[in-house]
Amino acid sequence: MKVGVLAVQGAFAEMETYWRKKGADVFEIRQLDDLERNMDQLALPGGESTVQGKLLKDLGLFNPIKARIVDGLPVFATCAGLILLAEKIEDDGSRDETRPSQWFGVLPVTVRRNAYGRQLGSFRTVGTFDGKTDVPMTFIRAPAITKVSPEAKVLSTFNGEPTAIRWRNITAFTWHPELNT
Ligand code: GLN
């Protein structure tokens, strides 16, 4: 399997290691040419979603990647990657739902960035993921999914809120599966 990892900012190295351990043939997406390679799966890493969005625009990657996602390319996204995909963002506790143009806005969820506040900004827990129990989950300045389309399958929850979902071609996490395997 050929996995293209978005490598413009953030924790892309960890994402690459994760997919290599699974036996995937991994390449980095840094510029437009990289999208010419065969890709079975796109991986969107954690990081800073505002910076990633801006870089995607500046590098001319935003529209071609969005088109591939809408076209059905399987996507695996964590944290900032989930934020980039979300249809709606509630920014930092303010309840204004916005949809800035730097976000792909294709996944029918609302997310609240940095949802766990300063004290619980980053933490680990153990939970059930996709039917598997005792799965370690690392949250790093994670968003919360505050609304989710009934069409999406919820794969894990924390405090009753969804923390991983699958919808059509997209699997997205608020936590970091790539850090615990
Ligand atoms: N807090 C970051 C954001 O808002 C996401 C953090 C992460 O990807 N680990 O983009």
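Further up the page is the structure itself.
Summarised in this report is the structure supplied together with it. (Residues numbered from 1 in each chain as written. Predicted model: local features only at pLDDT ≥ 70, side-chain atom pairs only at ≥ 80, totals over all residues. Heavy atoms only, no water.)

Side note on the nonpolar core
Piece 1. Counting residues in each nonpolar core, the largest one holds 34 residues, and the members touching the most others are Ile 65, Leu 85 and Phe 104.
Piece 2. No other element matches the 4 residues that helix 4 (residues 80–85) contributes to this core.
Piece 3. Leaving out residues up to four positions away in the same chain, Ile 65 has contacts with Leu 6, Ile 29, Leu 35, Leu 42, Leu 56 and Phe 104.
Piece 4. Membership of the second largest hydrophobic core comes to 26 residues, among which are Phe 12, Val 26, Phe 129 and Trp 175. (Core = buried A, V, L, I, M, F, W, Y, C linked by side-chain atoms within 4.5 Å. Buried < 20%, exposed > 50% of the residue type's maximum accessible area, 1.4 Å probe, protein only. Helix = DSSP H or I, 4+ residues; strand = E, 2+ residues; numbered from the N terminus. Contact = heavy atoms within 4.5 Å.)

Points about the sheet that holds strand 1 (residues 2–6)
Piece 1. The 7 strands are arranged 2-1-3-4-13-12-11 in an open sheet whose pairing can be described as mixed. Each end of this open sheet is capped by a strand with a single partner; those strands are strand 2 (25–29) and strand 11 (153–158). When strand polarity is set aside, the average angle formed by the axes of neighbouring strands in this sheet is 20°.
Piece 2. Pairing analysis gives 4 bridges linking strand 4 (residues 75–78) to strand 13 (residues 170–173), with the strands arranged parallel. Its bridge partner lying in strand 13, Ala 77 is registered against Ala 172.
Piece 3. On the sheet, helix 3 (residues 62–70) packs against strand 1, strand 2, strand 3 (41–44), strand 4 and strand 13 and is oriented at approximately 125° with respect to strand 3. (Pairing = 2+ DSSP bridges. Axes fitted to C-alpha atoms, helices over the stretch in contact; angles between N-to-C directions.)

Notes on the site of the ligand
Piece 1. Gly 46, Gly 47, Glu 48, Ser 49, Cys 79, Ala 80, Ile 83, Arg 113, Asn 114, Ile 140, Arg 141 and His 176 make up every residue found near the ligand.
Piece 2. Between the ligand and the protein, one listed contact pairs an oxygen atom with a backbone N or O atom of Gly 47 at 2.8 Å.
Piece 3. Backbone polar atom of Ile 140 to a nitrogen atom of the ligand: 2.9 Å apart, as the coordinates give it.
Piece 4. Summarising the interface, the protein chains cover 98% of the accessible area of the ligand, which totals 300 Å² for the free molecule.
Piece 5. Within the shell around the ligand, the residues separate by chemical class into 4 nonpolar, 5 polar and 3 charged. (Near = heavy atom within 4 Å. Polar contact = N/O pair within 3.5 Å; in protein donor to acceptor, adjacent residues only side chain to side chain. Areas by Shrake-Rupley, 256 points an atom, 1.4 Å probe, with all protein chains shown as cover. Nonpolar A, V, L, I, M, F, W, Y, C, P; charged D, E, K, R; others polar.)

What to know about helix 3
Piece 1. Taken as a whole, helix 3 has its buried residues at Phe 62, Ile 65 and Ile 69. Viewed along the axis of helix 3, the buried residues span an arc of 75°, placing them on a single side of the element. Looking at helix 3, the residues exposed on the side facing more than 90 degrees away from the buried face are Asn 63 and Val 70.
Piece 2. Gly 72, located one to two residues past helix 3, shows a positive phi value of around 110°. (Arc of directions from axis to C-beta.)

A short note on unusual backbone geometry
Piece 1. Despite not being glycine, Cys 79 has its phi angle at roughly 55°, a positive value.
Piece 2. Turning to its location among the elements, Cys 79 is positioned in the loop between strand 4 and helix 4.
Piece 3. A relative accessible area of 5% means that Cys 79 is categorised as buried.

With respect to the side chain of Asn 169
Piece 1. Positionally, Asn 169 belongs in the loop between strand 12 (161–167) and strand 13.
Piece 2. Using a relative accessible area of 19% as the deciding quantity, one classes Asn 169 as buried.
Piece 3. Among the polar contacts listed, one links the side chain of Asn 169 to the backbone oxygen of Leu 73, at a separation of 2.7 Å.
Piece 4. Among residues more than four places away in sequence, those in contact with Asn 169 are Ile 69, Gly 72, Leu 73, Pro 74 and Val 75.

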